[in-house]
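An overview of the molecular structure
The residues making up each chain are set out below.
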Amino acid sequence: MRRRRELTPALGLGVGLAVVLTLTTGPSAASASGDNADGGAEAAVDETFRPGWKLKYRELFDEEDLDIDMDEIPWKLDNYENVYDTISDDDGDAYWGEMGMGFGQAIRSFRTWEKTKEIGEDNWITVALTGRQQDLTSGKNQPERPGVFHVIRQPETGDIVAELRSDDPTAGAMIRNTRPMPAEYRMEYTVTRYEMGGERYDPETGEWSMWTEHPGFEYGDDGEYSIEPGTPRWNGFTLTDALGRENCKNQYPWPDTPTNAYTTPQCGEGNWNPLNYGGAGYNGLHALTVTDVQYPMPRNLHFWHYHRKVLMDQFATDPDRNNNGVVCNSETGTLTRMQETHRNGVNPWVSGRMNGFNSAGGYYEVGRMAGQSQRFFSDCNNSVPDPDHPGRMIYEDTTSQAPRAMAQSDPRFFPYIPYTFAVERSELGYTLEWSGMFQDVGWHTYRYYRPFILNNNPVWRYNAYPGDHYDGRYNGYARSTTNQFNPDGTRQGSTTKRTWPDMWHANSAYPDFVMMGIEYTNSTEGWLQFDDVRMYEPADNRPPVSILAKANVDNWHGTQPQLDIEVINLEETVPNIDITVTTDYGTQTFTDVRPDAHPNARFKVNGSIPDGVAHVTATKGDQTYSIDVPYEGIDSLDLTTEVSGRCFADRARMDYRVTNTDDVAAEDVTVTTPQGTRTFQSIAPGQTVNVSIGTRFDTVPERTFTVAATAGGDPVEFPFTKDVEYQYTAAPFACDD
């Protein structure tokens, strides 16, 4: 019997297998790949199929990609000539206006370098890297610790994956589409690990901690800027920068709060909004961003705060940070303060219009810097009618100064159980999708549809092409409320405002670019490993009912193997559907499942789960659709139990027999019954033990009992445990039976 988890190559769907449920009525059920010859309900497995979409591009990294060498591409100096806007780009007027000549001194204290490389079929993906040269006296025309892209063999799994890395908050590393996205598309990719802050679990101590150790990485021509293995990290940040300076991990020179750029040095305790400690400290991963910026490169935080349409991120707050937000538990519908979690909150959200919109005056009052409202999704939000699909209900996005997280990611399972991120743009709105393993919830998919406009709240600059459902109603000029500096360094009067025209005019168009990775150059630090990047275009292949089914088998909870069959309703319209999932371990039915809902049929099993097939049936109105969903099993300690009763003087005596049917010993066995508990040091393979306990009654009702044990033999790879606790049900017994 397997004691070590055998992992399949990463296919973008994680442990288990995904198939699409797309069948039609009639004597012959059609599948995603064609009609079934024998007229049965089984559909061929095509794990790339998505109803309504056809695969345009797919990038799976392989042996040849291990030779990709970004060092062959020279660094190019960013002279701030190719500006995206004049407000808060790296050399933006907002900073000059607020800090005057002091900002000039700050931005001239370093150099920014960049490089790009196009990869994949038709060069459809662009890798974009940036880095900051801090030491201008070194004579080197390159950054010390720049953003990194390379393809590696993952040591835990042996899988080949790509890695984006930023070992300093001044470095950016991301991938994006090379050409503007079409008006309708689906983009998705799979992340097997990200280390961008948040607490991590130590299986040896059983404790969570913000402290981790860096695996080490080489930087510099001669390794002079390298990070040694074992270097401490707090919330994902090393404590010193490439030059060995402390208190330099901050937002310099684009701070969240005003600073006197004349007198405040870059490094120093509390300077420039520290990232790795204090009331503004945080780290995070911007896993997938849709931006209005054309051919984007990594930029400063404030720039992205008004250039995003939709976003999926992980937000890892420092324990001392103010206004940390809350996390939703979708199983219970409850909210938990971020301070009470492991700080791995994950957030799908849309960006609303710029803050401070004055419709009467026709302007945006932007304060210090331009920014947008952040509108978060979770299953704890209210449901509201979808204005574009009568009768359909969707989750309303909620605006907040702090994140209202959808869930918590679970880094204990990196890199074995991946996360898949996806965004869809249809004619009427965006859909955000995030699947994987989540703390307190388990294996799950979250999916949220957002119309371009909901309750007069638009997705910022959603119009990808001229005339794209936009009439200019949210246009206006922007003005800063900060007193501006004159060129000579003196500050202007309080009535002087800096203005910028036409923030969103009627004839504008903002084609989508989808960014994945590390887009900030003054805020976050860490790395992510990923694979299976896909782009889909619309297709006329949507059947009468569209559902996606995914199967997963693991013992993530550490006590019982578990089979999950998740079914996602991909219908866009009502009526809602009914779903039945049948397995060797029982049947579960879900009724009135609305579009984008994702019920999970969960079966806990006492022992190994062999490879198998689940049967799923979906019903919409008078139509019924079925599919068989195969899954890969998992080994666990195999035990069998038998319960019987005997009568002595009209009093019941219960016998609980436990047999080890495995080929390894069951150790530290505890049998817990309603009548008492017994322990056994070991049960050999094939051996049976009996727990015989008397009662004072002539009748014993139906009851549950548990058997906890540890599998002998080789230890398993974390997080797959060899400790089990199985729960059984015993039938009632009466002495007069």
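The present account deals with the structure reproduced in this document. Within each chain, residue numbers correspond to sequence positions counted from 1 in written order. Residues qualify for local features only when their pLDDT is at least 70, as the model is predicted, and side-chain atom pairs are given and counted only at 80 or more; totals for whole chains, interfaces and linings, by contrast, use all residues. As a rule here, side-chain values cover all heavy atoms of the structure and leave hydrogens and water aside.

Some thoughts on the pattern of salt bridges
Basic side-chain nitrogens of Lys or Arg form a salt bridge, by our definition, when they fall within 4 Å of a carboxyl oxygen of Asp or Glu. Under the defined criterion, the tally for this structure stands at 40 salt bridges. Linking glutamate 156 and arginine 193 is a salt bridge whose minimum nitrogen-to-oxygen distance equals 2.5 Å. Remark: arginine 193 occurs in strand S11 (residues 185-195) and glutamate 156 occurs in the loop between strand S8 (148-153) and strand S9 (160-166); sequence separation between them is 37 residues. Between arginine 602 and aspartate 564 there is a salt bridge, with its nearest N and O atoms 2.7 Å apart. Placement of the pair is arginine 602 in strand S43 (residues 600-604) and aspartate 564 in strand S40 (residues 562-569), with a sequence separation of 38 residues. Buried residues are those whose accessible area, probed at 1.4 Å on protein chains only, stays under 20% of the maximum for their type, while exposed residues exceed 50% and partly exposed ones sit between those limits. For aspartate 564, a relative accessible area of 0% gives the class buried. Numbering of helices and strands runs from the N terminus, with a helix taken as a DSSP run of H or I at least four residues long and a strand as a DSSP run of E at least two residues long.

Re the pairing of strand S31 (residues 429-438)
The side chains of a regular strand alternate between the sheet's two faces. Along S31, 10 of the 10 residues are buried, which leaves the element largely enclosed by surrounding structure. If DSSP finds at least two bridges between two strands, the strands pair. Strand direction decides the pairing type here: strand S30 (residues 419-425) and S31, joined by 6 bridges, are antiparallel. The residue of S31 that forms the bridge with valine 423 is leucine 432. Between S30 and S31, which pair antiparallel in sequence order, lie 3 residues.

Observations concerning unusual backbone geometry
Look at the link from tyrosine 252 to proline 253: it is a cis peptide, with omega at -5°. If you trace the backbone, proline 253 turns up in the loop between strand S16 (237-238) and strand S17 (282-291). Cis geometry is adopted by the peptide bond preceding proline 575, which originates at valine 574 and carries an omega value of 10°. Inspection of the secondary structure puts proline 575 in the loop between S40 and strand S41 (577-583). The phi torsion at aspartate 596 lies on the positive side, around 75°, for a residue other than glycine. Examined against the element boundaries, aspartate 596 turns out to sit in the loop between strand S42 (586-593) and S43. Relative accessible area serves as the criterion here: at 8%, aspartate 596 is assigned to the buried category. In this structure, aspartate 668 is a non-glycine residue whose phi angle is positive, near 50°. Relative to the helices and strands, aspartate 668 resides in strand S48 (residues 666-673).

Digging into the sheet that holds strand S45 (residues 623-631)
Here we have 4 strands laid out as an open sheet, ordered S42-S41-S44-S45, and antiparallel in their pairing. The sheet is open, and its two edges are formed by S42 and S45, each paired on a single side. The average angle at which neighbouring strand axes cross in this sheet is 15°, direction not considered. Pairing of strand S44 (residues 612-620) with S45 involves 9 bridges; the strand directions are antiparallel. Looking at the pairing, histidine 615 lines up with aspartate 628 of S45. Helix axes use the C-alpha atoms of the stretch in contact, all axes being lines fitted to C-alpha atoms, and the angles between their N-to-C directions lie in the range 0 to 180 degrees.

Digging into the nonpolar core
Inside soluble globular proteins, nonpolar side chains tend to come together where they are buried. Working definition of a nonpolar core: buried Ala, Val, Leu, Ile, Met, Phe, Trp, Tyr and Cys residues. They are joined through side-chain atoms within 4.5 Å. Counting 88 residues, the largest nonpolar core has Phe149, Tyr189, Val423 and Phe530 as its most contacted members. Counting 25 residues, the second largest nonpolar core, distinct from the first, contains Ala549, Val553, Val593 and Ala618.

Some points on the sheet that holds strand S50 (residues 688-694)
If you walk across this open sheet you meet the 3 strands as S46-S47-S50, and the pairing is antiparallel. Lying at the two open borders of the sheet, with one neighbouring strand each, are strand S46 (639-648) and S50. Between one strand and the next, the sheet's axes are offset by a mean angle of 20°, whatever the strand orientation. Bridging between S46 and strand S47 (residues 651-660) involves 10 bridges; their strand directions are antiparallel. Looking at the pairing, glutamate 642 lines up with arginine 657 of S47.

Considering the environment of glycine 198
Structurally, the position occupied by glycine 198 is in the loop between S11 and strand S12 (200-202). Of the residues examined, glycine 198 reaches a relative accessible area of 4% and is grouped as buried. In sequence terms glycine 198 and methionine 210 are 12 residues apart; their C-alpha atoms lie 6.2 Å from each other.

Examining the packing of aromatic side chains
Only Phe, Tyr and Trp rings are paired, with Trp represented by its six-membered ring, and only when their centres lie within 6.5 Å; those with planes under 30 degrees apart are stacked, over 60 edge-to-face, the remainder tilted. As enumerated under the stated definition, the model contains 38 aromatic pairs in all. Seen from their ring centres, tyrosine 470 and tryptophan 504 are 4.6 Å apart, and the 15° between their planes marks the pair as stacked. Here tyrosine 470 is found in the loop between strand S34 (457-458) and strand S35 (477-480), whereas its partner tryptophan 504 is found in the loop between strand S36 (498-500) and strand S37 (513-518), with 34 residues between them in sequence. An identical accessibility class is assigned to tyrosine 470 and tryptophan 504; each is buried. Note on criteria: charge over ring means Lys NZ or Arg CZ within 6 Å of the ring centre, with the direction from the centre no more than 35 degrees off the ring normal. Stacked on the ring of tyrosine 201, the Lys or Arg arginine 412 has its end atom at 6.0 Å from the ring centre.

Side note on the side chain of aspartate 241
In this structure, aspartate 241 sits in the loop between S16 and S17. Polar contact is the term for a pair of N or O atoms within 3.5 Å; when the atoms are in protein, one must be able to donate a hydrogen and the other to accept it, and sequence-neighboring residues count only if both atoms are side-chain atoms. Among the polar contacts listed, one links the side chain of aspartate 241 to the side chain of arginine 245, at a separation of 2.8 Å. In this analysis, two residues are considered to be in contact whenever any of their non-hydrogen atoms come within 4.5 Å of each other. Discounting chain neighbours no more than four positions away, the residues touching aspartate 241 are Gln134, Arg145, Asp168, Cys248 and Lys249.

Focus on the pairing of strand S21 (residues 345-354)
For S21, the tally of buried residues reaches 9 of 10 residues, placing the bulk of the element in the interior. Sheet topology note: the strand S18 (residues 308-317)/S21 ladder contains 6 bridges and is antiparallel. Looking at S21, one finds that glutamine 314 is bridged to valine 346. In this sheet, strand S29 (residues 407-408) lies alongside S21 in antiparallel orientation, the contact comprising 2 bridges. Bridge pairing in S29 places valine 346 opposite alanine 407.

Describing the environment of aspartate 67
Position of aspartate 67 relative to the elements: it lies in the loop between strand S4 (53-59) and strand S5 (76-77). Along the chain, aspartate 67 and valine 151 lie 84 residues apart, while their C-alpha atoms are 7.7 Å from each other.

Remarks on the environment of cysteine 647
By secondary structure assignment, the location of cysteine 647 is in strand S46. Setting aside its immediate chain neighbours within four residues, cysteine 647 contacts Phe733 and Cys735.

Focus on the state of the cysteines
Count a disulfide wherever a pair of cysteine sulfur atoms falls within 2.5 Å. In total, this model carries 3 disulfides according to the counting rule given. Should the bonded cysteines of the protein be numbered as they appear in the sequence, the pairing reads 1-2, 3-4, 5-6.

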